[in-house]
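# Structural characterization, general
In case you want the letters, here they are:
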Amino acid sequence: MSIDQARNGLRFAVIGAGMAGILAAIRLNQAGERFTLYEKADGLGGTWRENRYPGLTCDVPAHAYTYSFEPYAEWRAFYAKGAEIQTYFERTAEKYGIMPHVRFGAEVVSCVWNESQACWHLGLSSGESTSADVVIAASGVLHHPKMPDIEGLDDFAGTILHSARWRDDVPLDDARVGVVGNGSTGVQIITALHSRAARLVHFQRSPQWIMPVPQFDYSEEEREAFRRDPALIDAIRNNQDYWDSIYRFTQAITDTHGPEIAAIEQLCLDNLENSVRDPALREKLRPDYRAACKRLIYSWCYYDAVQQSNVAVERERIVRVEPEGVRLADGRLQPLDTLILATGFHADRFIRPTRVTGRNGLSLDDAWSVRPTAYYAVTIPGFPNFFMLNGPTGPVGNFSLIDIAERQWAYIDQLLDLLRRGDAETVEPSAQAHAAYEARRIAAAQTTIFGSGCSSWYLDKTGVPASWPWSYQAFAEAMAAPVMADYVLGASTEAAE
Ligand code: NA7
C-alpha cells in the first residue's frame, strides 16, 4: 500500500454533532478525509440544541466561546444566550460544508472492534450497520438529565419538567413557579423568570458561591466594527487579562491554600455582603464549603433577582412533592403551578449508553467499572483507533470547552498521522502508561479544591474529582505533542505482509 493510498483509505465515524463533533467534522473535511457524523437527534448543536430554558447563557465570554478559526462578529452581548450559540454552530457547520456528511436521527447503539479487519463495526438504532477505521467519540458530557430522588414527583398536579427537557407550553407568566437546584441552570432560570412569574420559589439544598461578572450588550456599531476588522475580535479572544484569569483560576483549583483561591472567595463574599441587603437572606445564601468546590456560578443579576418581592429562597429540606406543591421538613407547603427540576445531569456516561466493545471483547462498561477514565482524557487502552473529545479526566471549569476540544484535536491529529502515513494500522495507549497517568491524576485530584468537601458533578462515584487536576498550561503542554513511547502501535497491513 502506498502512502497516498494509506492517507486516502481511512474511514472515520464521528459520534455526536455538538460543539466537539462539529469541530472534528470540520477538521476531517478540511483534510479531505472520508467521514460520517452520526447524530441521534434531528439537529446539531448538542447541549445548545437540547437546553432551551429561559435565561440560558454561556458563562464563558462569547468571543472566547468560538472556534479559533471562526470568529463571530454577531454576538449581541459579552456573555451570549444559548439560542445565539446554537445559531453560531449551525452557521459554522454550513459554512464549512459538513452538513452533507451528517446523518441525523442516527443513534449509534454499538461500536465493536473487529480484530481481523482492524476496524470498528457500528450498529445504529435503525438496525443498520456500518464500519469505520477510526471512531471519534464526541458525545458530550452533560446530556443525561438527573431526576432528583424526591418522593411524589409523579403526584404533582401542575406542570413538572427537567430544565434540559424544556417545553414551550410550561405555565410561567403570572404562575406560581418553583425551581429545585441552584447550579448554573437553576440560577439562570431564576434570573429570567422573576419578572414573569407571580411567585417564584428557589429551593436550595446548598447555597452557591456567586462570582460577580460584568455583562454588557454589543451595539450594532461594535458588531459592524467586528465585521470590518476581525483583529478586534482576536484582541478580545487573546486578551491577556482574560487568559491570566483562566490561569489564576486553574491555579486556584490546584493550590487550595494559595492566594488565588483566597481572592476568589473574597470577591464572592464581598459580592454577597454588598449585594444582599437583608441579613437573614444573606445568611441563607452563604455557602459553608470552599469556593470553586462546585462549579462557580458567574452571575451579574442573581442576587438582584432573589431580592424581588415575588421571589423566595427556600432552604428548608424538601420532604415530598404533593399535588398542590412542595412539602417542606418544617411542615409548610409551597403551593405551585409549575415545578422546574434544575437538578443537573449524570456526568459519568460520556458515550454510553452506546455499547462500546474493544479488543478481546472488553466492554467500556467493564473498563470503566470503577470510574470513567481515558489516557490524557483522549484514548483508552484496549480500544484502538478510538478517540474522545471532552472525554473523562479532561479539564472542566469556568473556561471554554471549545479551546479544550481544539487542543485535544491537535493531539489526536498527530496520532492520526501515524495511521494516515501507514506507519501503523492501530494506535492506542499502553495499559502501563494509562495506569501511571491515572494514578498520578487521582493523587493530584484529591488535593484539588473539587475534593475539598462538597458534593458536585465534578466527583466520580467514589468521591474522587473526575477532572484534570493540574494547571491549564500543563494541559496545553500535554496536548501539544503525544508522548509516543506511551502508545502501542499495531502493525500496518503492509508491514505485516
Ligand atoms: P448542577 O450544577 O449539577 O446542579 C444541580 C443542582 O440540583 C444543585 O444545586 C443540587 O444541589 C440540586 N439538587 C440535585 N438533586 C437534588 C435534590 N434531590 N433535592 C434538592 N436539590 C437537588 O446542574 P446544572 O444543570 O445547574 O449545571 C450543570 C452544568 O451545566 C454547569 O456546571 C455548567 O457546566 C453547565 P446540591 O448542590 O447537590 O446540594
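Going by the annotation in an unreviewed UniProt entry, the name recorded for the chain is Monooxygenase, with Sphingomonas bisphenolicum given as the source organism.

### Describing the overall build of the chain
Across its full length, the chain holds 16 helices and 21 strands. Taken against the 2.2 N^0.38 rule, which gives 23 Å for 497 residues, the C-alpha radius of gyration of the chain at 24 Å falls within 12% of a compact globule. Viewed in the frame of its principal axes, the chain has a C-alpha envelope of about 75 × 50 × 45 Å. For the chain, with 497 residues in total, the buried portion stands at 57%. Sequence separation of at least 24 residues holds for 70% of the intrachain contacts in the chain that already meet a minimum separation of 6. Of the roughly 20,500 Å² of accessible surface on the chain, 49% is carried by carbon and sulfur atoms. Treating the 47 positive side-chain charges of the chain as one cloud and the 63 negative ones as another, the clouds have centres 3 Å apart.

### Considerations on the nonpolar core
If you look at the biggest cluster of nonpolar residues, it comprises 119 residues, and the most contacted ones within it are Phe89 and Leu296. In terms of residues, this core owes the most to one element, helix H13 (residues 401-420), which gives 10 residues. Residue contributions to this core reach at least three from each of two domains, namely domain 1 (3-142 + 348-496) and domain 2 (153-341). Setting aside residues up to four positions removed in sequence, Leu296 forms contacts with Asp59, Trp209, Met211, Phe249, Ile264, Cys268, Ala291 and Asn398. Of all hydrophobic cores here, the second largest spans 26 residues; its members include Trp120, Leu124, Val135 and Val356.

### As for the sheet that holds strand E6 (residues 129-132)
What the 4 strands build is an open sheet, ordered E6-E5-E4-E18; its pairing is mixed. Of all the strands in the sheet, just E6 and strand E18 (355-357) have a single pairing partner and so form its edges. Each neighbouring strand pair of the sheet contributes to a mean axis angle of 20°, computed without reference to strand direction. Looking at chain direction, strand E5 (residues 119-124) and E6 are connected through 4 bridges and run antiparallel. Bridge pairing in E6 links His121 to Ser131.

### Considerations on the packing of helix H6 (residues 220-228) against helix H7 (residues 230-237)
Interaxial distance between H6 and H7 falls to 5 Å at its minimum, and their mutual angle equals 100°. In this view, H6 runs roughly perpendicular relative to H7, as classed from their interaxial angle. Listed contacts from H7 to Ala225, Phe226, Arg227 and Arg228 of H6 are Pro230, Leu232, Ile233 and Ile236. Of the residues in the contact of H6 with H7, the class split is 6 nonpolar, no polar and 2 charged.

### What about the domain arrangement of the chain?
Size of an interface: often given as the accessible area lost when the parts come together. The domains assigned to the chain are domain 1 (3-142 + 348-496) and domain 2 (153-341). The C-alpha-based centres of domain 1 and domain 2 are spaced at 29 Å. Contact with domain 1, which involves 46 residues of that partner, is made by 46 residues of domain 2. Summed over the three residues of domain 1 that lose the most area to domain 2, namely His63, Asn398 and Ile449, the buried surface amounts to 17% of that side. Seen at the junction of domain 1 and domain 2, the total is 3 salt bridges. One salt bridge connects Arg227 with Glu74, and the closest N-O pair in it is separated by 2.8 Å. If you list the elements that add at least two residues to the side of domain 1 that touches domain 2, you get H13 and helix H15 (472-480).

### Some remarks on helix H5 (residues 184-193)
Counting buried positions over the 10 residues of H5 gives 9, a clear majority of the element. On the buried face of H5, the contacting elements are strand E9 (176-180), strand E10 (199-203), strand E11 (210-211), strand E12 (297-298), helix H11 (302-306) and strand E17 (338-341).

### Observations regarding the sheet that holds strand E16 (residues 333-335)
The sheet built from 3 strands is open, its strands ordered E14-E15-E16 with antiparallel pairing. Each edge of the open sheet is held by one strand with a lone partner, namely strand E14 (318-322) and E16. With strand direction ignored, the average angle separating the axes of adjacent strands in the sheet is 20°. Direction of pairing for strand E15 (residues 325-328) relative to E16: antiparallel, over a ladder of 3 bridges. Directly across from Gly325, in E16, lies its bridge partner Pro335.

### Notes on the state of the cysteines
Evaluated as defined, the whole model comprises 1 disulfide. There is a disulfide in this structure between Cys293 and Cys454, and the S-S distance comes to 2.1 Å. Disulfide Cys293-Cys454: torsion about the S-S bond near -100°, hence left-handed. Within this pair, whereas Cys293 is found in the loop between helix H10 (279-284) and E12, its partner Cys454 is found in the loop between helix H14 (431-445) and H15, the two being separated by 161 residues in sequence. This pair shows no difference in class: Cys293 is buried, exactly as Cys454 is. Not part of a disulfide, Cys58 finds its nearest cysteine sulfur in Cys301, a span of 15 Å.

### Focus: the pattern of salt bridges
Scanning the entire structure with this criterion turns up 33 salt bridges. Across the pair Arg371 and Asp460 runs a salt bridge, and its minimum N-O distance is 2.6 Å. Residue Arg371 is found in the loop between helix H12 (364-367) and strand E19 (386-388), and its partner Asp460 is found in the loop between H14 and H15; the two are separated by 89 residues along the sequence. On the basis of relative accessible area, Arg371 is assigned to the buried category, the value being 14%. By relative accessible area, which is 12% here, Asp460 ends up buried. Put simply, Arg420 and Asp417 hold a salt bridge, and the shortest N to O gap is 2.9 Å. Remark: Asp417 and Arg420 occur in helix H13; sequence separation between them is 3 residues, near one turn of the helix.

Rules and cut-offs
- Residues numbered from 1 in each chain as written.
- Predicted model: local features only at pLDDT ≥ 70, side-chain atom pairs only at ≥ 80, totals over all residues.
- Heavy atoms only, no water.
- Helix = DSSP H or I, 4+ residues; strand = E, 2+ residues; numbered from the N terminus.
- Rg over C-alpha atoms; globule rule 2.2 N^0.38 Å.
- Buried < 20%, exposed > 50% of the residue type's maximum accessible area, 1.4 Å probe, protein only.
- Contact = heavy atoms within 4.5 Å.
- Areas by Shrake-Rupley, 256 points an atom, 1.4 Å probe, with all protein chains shown as cover.
- Lys, Arg positive; Asp, Glu negative; His and termini not counted.
- Charge placed at Lys NZ, Arg CZ, Asp CG, Glu CD.
- Core = buried A, V, L, I, M, F, W, Y, C linked by side-chain atoms within 4.5 Å.
- Domains from an automatic or database assignment.
- Pairing = 2+ DSSP bridges.
- Axes fitted to C-alpha atoms, helices over the stretch in contact; angles between N-to-C directions.
- Parallel < 35°, antiparallel > 145°, perpendicular 65-115°, else oblique.
- Nonpolar A, V, L, I, M, F, W, Y, C, P; charged D, E, K, R; others polar.
- Buried area = accessible area lost by both parts, 1.4 Å probe.
- Salt bridge = Lys/Arg side-chain N within 4 Å of Asp/Glu carboxyl O.
- Disulfide = S-S within 2.5 Å.

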